[in-house]
Amino acid sequence: MKTVSTIKDIRAIIRTERQKGNTIGLVPTMGNLHAGHISLIEQMQQHADIIITSIFVNPLQFSPNEDFDSYPKTLDEDLKKLEITGNHYVFTPTANDIYLDGKSSITKVTVEALDGILCGKSRPTHLTGVATVVAKLFNIIMPDHAIFGLKDYQQLMVIKQMTTDLCMPIEIHGAPIVRDDNGLALSSRNSYLSATKLEIAPRLHQILLFVKQAILQGEKNFRELEKQTMMILEESGFKADYFEIRTQNKLKLATVNDRKLTILVAAQLGETRLIDNIEFENNEENI
Ligand code: AMP
């Protein structure tokens, strides 16, 4: 495995790999790797000959009051973990490689129809920051395949839409959420949680499962279900940001007429913002 930090060097490597006839798979990350990230690399092995994992904490997707400065940076441990996964190259650009002023870019990518809802509502610049950096990484690496976790469901839908709309010849794969035994979705931000908060956090997944079950058992008033669940979240110790039952892919507010559903939640636990979701199909007889 080789670590490459400049755009010029990674492009030279990709040219050589392409000349050998190899296909390229990209796994974009912000580092502080856990089993969720590693699962993306393992799944990419089924799609591409050469796997490039990028590690870049993207300033553009954080707003000034967020945790950009304190975001965990653990490059040495990350490289050790990557070494044993079958990853081929690690791309570690600096902020100055990606952004002319090290922070932002004049040209930005916004996927309008999927912004302004869910995480886009409470983090208004976040999804544009994500789409812009992913577009840049795609233009640098020009992969055949890229993979993203379903954990960041709205992000995955934004990237799929961007890739289609901007005619990028890249196949986007979504990977299942990797969870702790207690159901808590793995996240780099879980390391911010105290022991007490770590006991509360798995409730998020339990509540998603509970609401999924209620829908499968015939609950039809989705808006009322959302309202009641927001209260349950507050009673469980979360400061709820949203809890919404939406359609898969297009993320429209779902009604009982929709079959393919995703329930998405974001909630603050102390200083830590947690997100989770669950995808499922409603029973035909409920529709
Ligand atoms: P991040 O480093 O948090 O930007 O995440 C990089 C990629 O890993 C994104 O595509 C995430 O959706 C994915 N990811 C993060 N946590 C998980 C998880 N628990 N299960 C599956 N994928 C994940």
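Check the entry above for the structure.
Residues numbered from 1 in each chain as written. Predicted model: local features only at pLDDT ≥ 70, side-chain atom pairs only at ≥ 80, totals over all residues. Heavy atoms only, no water.

S.K.: Please set out the packing of helix H1 (residues 7-19) against helix H6 (residues 126-141) residue by residue, giving values where relevant.
M.R.: Contact geometry of H1 with H6 gives a least axis separation of 9 Å together with a crossing angle of 50°. The angle between H1 and H6 falls in the class oblique. Along its contact with H1, which presents Ile7, Ile10, Arg11 and Ile14, the element H6 presents Asn139, Ile140 and Ile141. Of the residues contributing to the contact of H1 with H6, the split by class is five nonpolar, one polar and one charged. (Axes fitted to C-alpha atoms, helices over the stretch in contact; angles between N-to-C directions. Helix = DSSP H or I, 4+ residues; strand = E, 2+ residues; numbered from the N terminus. Parallel < 35°, antiparallel > 145°, perpendicular 65-115°, else oblique. Contact = heavy atoms within 4.5 Å. Nonpolar A, V, L, I, M, F, W, Y, C, P; charged D, E, K, R; others polar.)

S.K.: Lay out empty space enclosed by the protein with the relevant residues and their values.
M.R.: Under the definition given, this model contains one cavity of 30 Å³ or more. Counted as a void, the largest cavity has a volume near 60 Å³. Forming the boundary of the largest cavity are Lys151, Gly183, Leu184, Ala185, Ser187, Asn190, Ala201, Leu204, His205, Leu274, Ile275 and Asp276. At the level of secondary structure, the elements contributing two or more residues to the lining of the largest cavity comprise helix H9 (203-216) and strand E9 (272-281). When residues in the lining of the largest cavity are grouped by element, the largest group, three residues, is from E9. Of the residues in the lining of the largest cavity, the class split is six nonpolar, four polar and two charged. (1 Å grid on protein atoms, 1.4 Å probe; cavity = no way out; pocket = protein on both sides within 12 Å on 5 of 7 lines; lining within 4 Å. Points joined across faces, edges and corners; volume = space filled by probe spheres on them.)

S.K.: A description of the environment of Cys119 should follow, citing residues and the corresponding values.
M.R.: Note that Cys119 resides in helix H5 (residues 119-122). Residues Cys119 and Gln155 lie 36 residues apart in sequence; the distance between their C-alpha atoms is 9.1 Å. Those residues in contact with Cys119, other than ones at most four positions away along the chain, are Gln154, Tyr242, Arg273 and Ile275.

Limitation: the analysis is restricted to geometry and does not speak to function.
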